[in-house]
Amino acid sequence: MKVGRNDPCPCGSGKKYKHCCMNQDENVDSSPEDLAWRRLRRAVDSLPTDLLRFAEGYFGHAGLPEAWDEFTSWEGVPFDAGSPHIPVFMPWFYYDWMPDSHETGVRAEARAELTAAQAYLLKKGKSLDPLARRYLEACVAAPLSFYDVVTCEPGRGFTLRDIITGEACEVSERSASRGVQAGDILFAKIARLEDIALLEVLGTVIIPPDRKAPILELRARIRDSGTPLTPGALREVNIEFIEVYLGLADALLEPRLPEMRNTDGDPLSFHKLVFEIESPRAAFDALKDLALDVDDAELLAEAEFDRHEALRRVQFPWKTRGNPVNKSWDNTVLGNLTIDGARLTAEVNSRERALRIRKLIEDRLGAGVKHRATEIQAIETMLARAREKGGGAAARARDAEHERLAALPEVRAALQEHLRRHFESWIDQENPALGGRTPRQAMADPDGREMVEALVVQAERHGRKMQPPMDESIIRDLRVRLGLA
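Bear in mind the structure is a predicted one, so any value in this text is a computation, not a measurement.

Participant: For helix α3 (residues 47-59), give the residues involved together with the corresponding values.
Facilitator: With 13 residues, α3 should reach 18 Å at 1.5 Å per residue; the first-to-last C-alpha distance of 17 Å fits that figure. Burial in α3 covers these residues: Leu47, Leu51, Phe54, Ala55, Tyr58 and Phe59. Across the axial projection of α3, the buried residues extend over an arc of 105°, all falling on one side. The first or second residue beyond α3 is Gly60, which carries a positive phi of 85°.

Participant: I'd like to hear about the sheet that holds strand β4 (residues 185-193), residue by residue, with values.
Facilitator: Spatially, the five strands line up as an open sheet ordered β3-β2-β1-β4-β5, and their pairing is antiparallel. Edge positions in the sheet fall to β3 (168-172) and β5 (196-202), since each of these pairs with one other strand and no more. For this sheet, the mean angle separating the axes of adjacent strands, direction not counted, is 50°.

Participant: Lay out the pattern of salt bridges with the relevant residues and their values.
Facilitator: Summed over the entire model, instances satisfying the criterion amount to 34 salt bridges. Of the charged contacts in the structure, one is a salt bridge between Arg219 and Asp447, with a shortest N-O distance of 2.8 Å. Here the residue Arg219 occupies a position in helix α8 (residues 213-225), and Asp447 occupies one in helix α18 (residues 446-465), the gap between them amounting to 228 residues. For Arg219, a relative accessible area of 10% translates into the label buried. Bridged by salt links that share partners, the residues Asp148, Arg161, Lys212, Arg219, Arg223, Asp447 and Glu450 form one connected network.

Participant: Outline the packing of helix α16 (residues 409-426) against helix α19 (residues 472-482), supporting the account with residue identities and numerical values.
Facilitator: Direction vectors running N to C along α16 and α19 enclose 15°, while the axes themselves pass 10 Å from each other. In terms of their interaxial angle, α16 and α19 are classed as roughly parallel. Judged by the sense of rotation from one axis to the other, the crossing of α16 with α19 is right-handed. Together, Gln416, Leu419, Arg420, Phe423, Glu424 and Trp426 of α16 and Ser473, Ile474, Asp477, Leu478, Arg481 and Leu482 of α19 make up the contact between the two elements. Taken together, the residues that form the contact of α16 with α19 break down as six nonpolar, two polar and four charged.

Participant: Can you tell me about helix α11 (residues 280-287), naming the residues and giving the values?
Facilitator: Among all positions of α11, only Pro280, Ala283, Phe284, Ala286 and Leu287 are buried. Take α11 and look down its axis: the buried residues cluster within an arc of 165°, on one side only.

Participant: With reference to specific residues and values, describe unusual backbone geometry.
Facilitator: With the exception of glycine, most residues fall at negative phi, and the peptide bonds are largely trans. Pro468 follows Gln467 through a cis peptide bond whose omega is -5°. Its location among the elements puts Pro468 in the loop between α18 and α19. With a phi angle near 55°, Trp74 is a residue other than glycine that sits in the positive phi range. Tracing the backbone through its elements, the reader meets Trp74 in the loop between α4 (63-71) and α5 (86-95). Located in the positive-phi region is Glu309, a residue other than glycine, with phi close to 70°. In this structure, Glu309 sits in the loop between β7 (304-305) and β8 (311-323).

Rules and cut-offs
Residues numbered from 1 in each chain as written. Predicted model: local features only at pLDDT ≥ 70, side-chain atom pairs only at ≥ 80, totals over all residues. Heavy atoms only, no water. Helix = DSSP H or I, 4+ residues; strand = E, 2+ residues; numbered from the N terminus. Expected span 1.5 Å × (residues − 1). Buried < 20%, exposed > 50% of the residue type's maximum accessible area, 1.4 Å probe, protein only. Arc of directions from axis to C-beta. Pairing = 2+ DSSP bridges. Axes fitted to C-alpha atoms, helices over the stretch in contact; angles between N-to-C directions. Salt bridge = Lys/Arg side-chain N within 4 Å of Asp/Glu carboxyl O. Parallel < 35°, antiparallel > 145°, perpendicular 65-115°, else oblique. Left-handed = near helix turned anticlockwise from the far one by under 90°. Contact = heavy atoms within 4.5 Å. Nonpolar A, V, L, I, M, F, W, Y, C, P; charged D, E, K, R; others polar.

The structure is reproduced here in structure tokens:
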């Protein structure tokens, strides 16, 4: 039946329909589920503020800092109200955290093995809206977990599957459902109340499918420990869930370059050593054998001389015979030397090589050389400068040329053929995300199969963003060959 303007609003607010949901209903479907969702949201709207005020009074000033220390694994991270992890921390503080009964500064009456929300229910539960009370009870009972987004209806909600338990549920969520897609992974606490499931906690960072491995490892640890896959048992280990989420989230929020090493196995760190020398020719004669089997004529072929035919400028490499670290027995270049008048520079890519070349130079030239400075550049700084140089008109011209070539039919066909061959061979290539196994090998067990599926979903996403987009049949064929179709 149509609701009259002056009738009580069916959402249960007690207000007239025209002063409550009528404007929303003109733009949104007023299904029973939608009305129930609005009624619940209205009943619990003030709970976060009420719980914060209660928790501060219940635990005292020591409560929140102690909870934050545990949340951040006691790593000495100062509490930050602007942290991207606050949407996870605050509900965890209300619903899950209890102080250590032996080492805590909270008030004595708060050491009763109750969370703030449980104590709040005991003290104020009878005066709460019954719907709000049942919702609080549902939040206390629900564990934090990781969820696959199975399907998504933006602005309405999504179907989620708990990665740990395998349980699926339909979740009503308007705002969050607009920012995710099938295949994403959410860190969340889902409160189930009657026929409605709501996200009480949602991690700020949406985890892409190819980052799923640590979650599957967590699931394996829980399974191997014999922990029952029940809400109560999983709540007991929720700090492990938080540690995995924070590790994933921090890596996505602040991606770090993988540690890069040179052929000696030393961490990359670019060093430029500057020396003052008395004689370019004397320095060359003392150091030229560092180029190993290159004769003087070849080393001096592009050298510069002054008008008296005296050596002024020359460059040559510093080499070593073989390298047992990377099992290469060819001559390996360790650095480069430049003599320019009274200046000698040595450029190497690690601290260890910088120490070696300085000793070599000072031992060989003795009183004829003085070290003046060593400039050190981190690889991150060098890459940042390279990116800056890559911008501007030249970069735009390169992009335009790339787009022109990508539009050519023959180029498109060649690219698609290259991608097809890549994924045909990918099946039998060892993959770090699969523990060093190939996708074909990983398909032999359920956890491996799930990770392979996640990698394929991620590849499919990248393919859609490419210019031109990857032919959809390439991923379809890949699924068939893997047995995922």
